[in-house]
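For reference, the chains in residue letters:
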Amino acid sequence: MTLNVDPPPVAAVPPWRDVRVLRIAAQVVAVIAVGLLVAFLARNFATALSERGLGFGFGFLGRSAGFDISESPIPYSPADTYGTAFLVGLLNTLFVSFIGIILATVLGIVVGVARLSPNWLVRRIASSYVEVIRNTPLLVQLFIIYFAVFLQLPAVAQSISFAGSVFLNQRGVFVPGPQLTAGFTPWLAFVALGIGVLVAARAVARHREDTERPIRGLTALGWLGLLTVVTIGWVLIGPVAFELPVRARFNFVGGLGLSPEFAALLTGLVLYTAAFIGEVVRGGIQAVRRGQVEAARALGLSEGETLRLVVFPQALRIIVPPLTSQYLNLAKNSSLAIAIGYPDLFKVGQTMANQTGQPLPVILMVMSTYLAISLVTSLLMNIYNRRIQVLER
Amino acid sequence: MSGQGMGETLPPPRDVIGPAAWLRENLFSGWVNSVVTLLTGAAIIWLIVTIGAWAVSEARWTVVTNNLRLFLIGQYPADQAWRILLNLGLISVLAGLSAGAWGGATRAMAVTLSALQLMLAALVVASPLGIIPAGVLVLNAALVWVAFGFGLRGWIPRRPLLIAWVLSLPVSFLLISGVAGTPFPSVSSNVWGGLLLTVLLATVGILLSFPFGVLLALGRRSQLPVVSIMSTGYIEIIRGVPLVTILFMADIILPLFLPGEWRLDRVARAMGGITLFSAAYVAENVRGGLQAIPSGQIEASQALGLSGAQTNIHIVLPQALRAVIPANVGLFISLLKDTTLVTIIGLLELLGISRAILAQPDSFGAQMEVYVFIAAVFFILCYAMSQASYRLERALGVGTR
């Protein structure tokens, strides 16, 4: 059957049934609804401000802050401006987050690998750790670490000491502080020499591999060479001296002192995040197909080579995206510092809000700063992610 | 198949099965493993002995038992506390009926609810609160099983049960907050506290944020650029900032944004903050569920002539929401833990009340006991729920299709 009839003339679609019109109308309605909500809030806000005789602006940033901050990586005094105080808070947040991320990653990998250990006891310990940490609130953990452990430590005179170089007391944790000596520059020559040995070993190894007469373990020997040369240099010259903390009249001086607030916050963040990172690492390793390991074995790779060349590169691709969100969580969780008195971004912000009577501008600054930290962290991790994903076919 | 030619069945060799083989396999397979086992074993035994000795002889647990009422319900009037027990009883009956009617994962939840109340009863017996509340808790735990029996008979149709669950939230809220001039006099939310407030904040937070989160998820996937951009912006901004900043905003700044005559109390403001916060996370969960729907489903419903809204309501959402239930239980667990942050804005939920208790002279120096107790309460709640959600996940078959 052939149809040779013209299609019936399409009736003009009325505008209220035209999808294009409806789409634009829906968006206009959405914009108007949100706009009305914002206008409503803004009007109330303006009324509230005029009733309270407050203004809205960022002019306070240039004024003198007048409050002290207990610890700061840059010189700070109450005479400095609110802007400087805010910067101090930001630097403190960045500092504790950065160190926390490094330590949590190391501990998290240990936990994740331990959960896959062939040893039953190690496996059980790791999984109990993960369950306990993940099922209790971070803030409670921080309170236990700070109020029930760090603040209950003995007074300075009865400090707990480990090997006469690490001291724990109510005032914090004191560890030997590294100090560069005059021998540091000569020692760098040893490092260069060691790297030269390694590079040479790798070059020879690669060359021999091309000529199909590989020498097994030459690269490892190169690493051993680097380590040996660097260690010999270290022992001979002593490029870094560790200054021991010494007890003075009221407290320890010298070395590296960490306040109980910082030490408690760092411990809490690291222990908490490491449990989550451990699960991420375990999931990543388990997600590598068994066939990959079997194929690697069949090709004659050793156990170490299988892990290093086959399992880890593939696991890494699975691990990185959830790892990023754990890093972001750690940075955001550092705002709990306020509960134990570490002067981070949020705590300084809250003090500023109270003192200036300008809570909204301050909280907006604090929130946008956290947002910026989150964005920059995800950006960096996305770049890294893309670099390791590039091998995917 | 015949047994011929199979020969005599020999017992498996000793070194392959049995406790000795298990030990060799799991703890002493090689000298490295043996050394690790001995070292960690010694460390663990030392740790358990130390902690056990502290918990048994040194710790003053009376701080916990003497203040148990504060820990559980805060400053809620003692003569009105029966309302909370009644409320628990209602939830127990509902949970039991549902476990009978649906079976599967709801049964695990009923077991959990009953076990939690029995544990609570044991704690109450050890406290000066007396035997009556403990008896009621045991009765509640038993009610779960009585209702379960009724539910099993199939007398209760599922739809009214579902409606009862929906109604249980406003009913519970009315029961706890009360209405002036009735047998349930009004109790100001200023005196709500302890575990009661913790559970209320988390429950209200997740339930109120759910519809909002679904809308945001649909908005983010919308083909209208304006809607999609606004939804995405909201979700990403909220997820990029810490909860404390949002609670601070809700506590200090929100009153400035509302008309002067709308006086929200602190608990309501905190609930608002938590709801706005968790909506962004619910939205991301739901978006995951929406993405899991094969596009054939949507095409088929369009071919049947369903409109966009009809497609969402009848085809997409029922499938998507079913798939995200386990993820939302996970969210509820983390929300329950996150409610501790309202301590920072001065509410007396479980953690806040414990700080108030520690400020009393007779609980001086009992930080470890109190905080360990709080941690244990959270651990039991969260662990029980995560196990239940694991079962739920398997019962719903998420990820296995």
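Just above sits the structure.
Residues numbered from 1 in each chain as written. Chains lettered and ligands numbered in written order. Predicted model: local features only at pLDDT ≥ 70, side-chain atom pairs only at ≥ 80, totals over all residues. Heavy atoms only, no water.

J.: Can you walk me through the nonpolar core in this structure?
T.: Nonpolar side chains tend to gather and get buried jointly when the protein is soluble and globular. F67 and L139 of chain A together with I374 of chain B are the most contacted members of the largest nonpolar core, which has 161 residues in total. Looking at this core element by element, the count peaks at 14 residues for helix α7 (residues 260-287) of chain A. If we skip the residues at most four places from it in the chain, L139 of chain A touches L336 and A339 of chain A together with T340, L341, I344 and L351 of chain B. Formed by 5 residues, the second largest nonpolar core is a distinct cluster that contains L94, L97, A101 and A147 of chain B. (Core = buried A, V, L, I, M, F, W, Y, C linked by side-chain atoms within 4.5 Å. Buried < 20%, exposed > 50% of the residue type's maximum accessible area, 1.4 Å probe, protein only. Helix = DSSP H or I, 4+ residues; strand = E, 2+ residues; numbered from the N terminus. Contact = heavy atoms within 4.5 Å.)

J.: Which parts of the structure should I look at to understand the packing of aromatic side chains?
T.: Aromatic rings considered in pairs are described by the distance between their centres and by the relative angle of their planes. Under the criterion given, the structure shown has 22 aromatic pairs over all chains. Taking the centre distance of 4.9 Å and the plane angle of 25 degrees together, the rings of F45 of chain A and F257 of chain B count as stacked. One end of the pair, F45 of chain A, is in helix α1 (residues 19-52); the other, F257 of chain B, is in helix α11 (residues 243-257), on a second chain. On the accessibility criterion, F45 of chain A (10% relative accessible area) is buried. Judged by centre distance (6.3 Å) and plane angle (35 degrees), the ring pair of F147 of chain A and Y371 of chain B falls under tilted. Of the two residues, F147 of chain A is situated in helix α4 (residues 138-149) and Y371 of chain B in helix α16 (residues 367-396); the pairing between them involves two chains. (Phe/Tyr/Trp six-rings, centres within 6.5 Å; stacked < 30°, edge-to-face > 60°.)

J.: Explain the environment of S34 of chain B to me, please; I cannot follow it from the model alone.
T.: Residue and element names in this part refer to chain B. With respect to the helices and strands, the residue S34 is situated in helix α2 (residues 31-58). For S34, a relative accessible area of 17% corresponds to the buried category. It is 9.1 Å that separates the C-alpha atoms of S34 and R24, two residues lying 10 residues apart in sequence. Sequence-distant contacts of S34, that is, excluding residues within four places in its chain, are made with L27 and F28.

J.: Would you mind going over the sheet that holds strand β1 (residues 160-162) of chain A with me for this structure?
T.: Backbone hydrogen bonds hold the strands of a sheet together, and the pairing may be parallel or antiparallel. Residues and elements named next belong to chain A. An order of β1-β2-β3-β8 is seen for the 4 strands of this open sheet, with the pairing classed as antiparallel. Of all the strands in the sheet, just β1 and β8 (256-258) have a single pairing partner and so form its edges. Ignoring strand direction, the axes of neighbouring strands in this sheet form an average angle of 15 degrees. Pairing between β1 and strand β2 (residues 166-169): 3 bridges, direction antiparallel. Bridging across to β2, I160 finds its partner in L168. (Pairing = 2+ DSSP bridges. Axes fitted to C-alpha atoms, helices over the stretch in contact; angles between N-to-C directions.)

J.: Where do I start with the pattern of salt bridges in this structure?
T.: Opposite charge on two side chains allows them to pair when their charged atoms are near. Throughout the structure, instances matching the rule amount to 8 salt bridges over all chains. When the shortest N-O distance is used, the salt bridge between E294 of chain A and R290 of chain A registers 3.5 Å. Remark: R290 of chain A and E294 of chain A occur in helix α8 (residues 290-298); sequence separation between them is 4 residues, near one turn of the helix. E294 of chain A gets classed as partly exposed once you look at its relative accessible area, which sits at 45%. Residue R290 of chain A is classed as exposed on the basis of its relative accessible area of 65%. Between D251 of chain B and R269 of chain B there is a salt bridge, with its nearest N and O atoms 3.1 Å apart. Of this pair, D251 of chain B sits in helix α11 while R269 of chain B is found in helix α12 (residues 266-291), placing the two residues 18 residues apart along the sequence. In this structure, a network of salt bridges that share partners links the residues R220, E236, E284 and R287 of chain B. (Salt bridge = Lys/Arg side-chain N within 4 Å of Asp/Glu carboxyl O.)

J.: Which parts of the structure should I look at to understand the interface of chain A and chain B?
T.: The accessible area lost on association of the parts is a frequent measure of interface size. Taken together, the contact pairs 51 residues of chain A with 52 residues of chain B. Taking both sides of the interface into account, the surface hidden between chain A and chain B amounts to around 4,500 Å²; carbon and sulfur atoms contribute 77%. Three residues stand out in chain A for area buried against chain B, namely Q27, N135 and M367 of chain A, and they jointly supply 12% of the buried area on that side. At the junction of chain A with chain B, the criterion picks out 0 salt bridges. For the side of chain A that touches chain B, the element with the highest residue contribution is α1 of chain A, accounting for 12 residues. Here the side of chain A that touches chain B is built from residues that sort into 36 nonpolar, 9 polar and 6 charged. (Buried area = accessible area lost by both parts, 1.4 Å probe. Nonpolar A, V, L, I, M, F, W, Y, C, P; charged D, E, K, R; others polar.)

J.: Sorry, what's going on with empty space enclosed by the protein here?
T.: Empty space among the atoms becomes apparent when a probe as large as a water molecule is rolled across them. Enumeration according to the criterion identifies 1 cavity of 30 Å³ or more in this entry. Here the largest cavity is characterised by a volume of approximately 40 Å³. Forming the boundary of the largest cavity are F45, L49, L54, G55, G357, Q358, P359, L360 and P361 of chain A together with L256 of chain B. Counting residues per element, the ones that place at least two in the lining of the largest cavity are α1 and α12 (359-389) of chain A. Considered class by class, the residues forming the lining of the largest cavity number 7 nonpolar, 3 polar and no charged. (1 Å grid on protein atoms, 1.4 Å probe; cavity = no way out; pocket = protein on both sides within 12 Å on 5 of 7 lines; lining within 4 Å. Points joined across faces, edges and corners; volume = space filled by probe spheres on them.)

J.: What exactly am I supposed to notice about the packing of helix α3 (residues 120-134) of chain A against α2 of chain B here?
T.: For any two helices packed against each other, the geometry is given by the interaxial angle and the distance between the axes. Interhelical geometry of α3 of chain A versus α2 of chain B gives an angle of 40 degrees and a closest axis separation of 9 Å. For the element pair α3 of chain A / α2 of chain B, the angle class is oblique. Facing L121, V122 and I125 of chain A of α3 of chain A, the residues of α2 of chain B in contact are V36, T37, T40, G41 and I44 of chain B. Residue composition of the contact of α3 of chain A with α2 of chain B, grouped by class: 5 nonpolar, 3 polar and no charged. (Parallel < 35°, antiparallel > 145°, perpendicular 65-115°, else oblique.)

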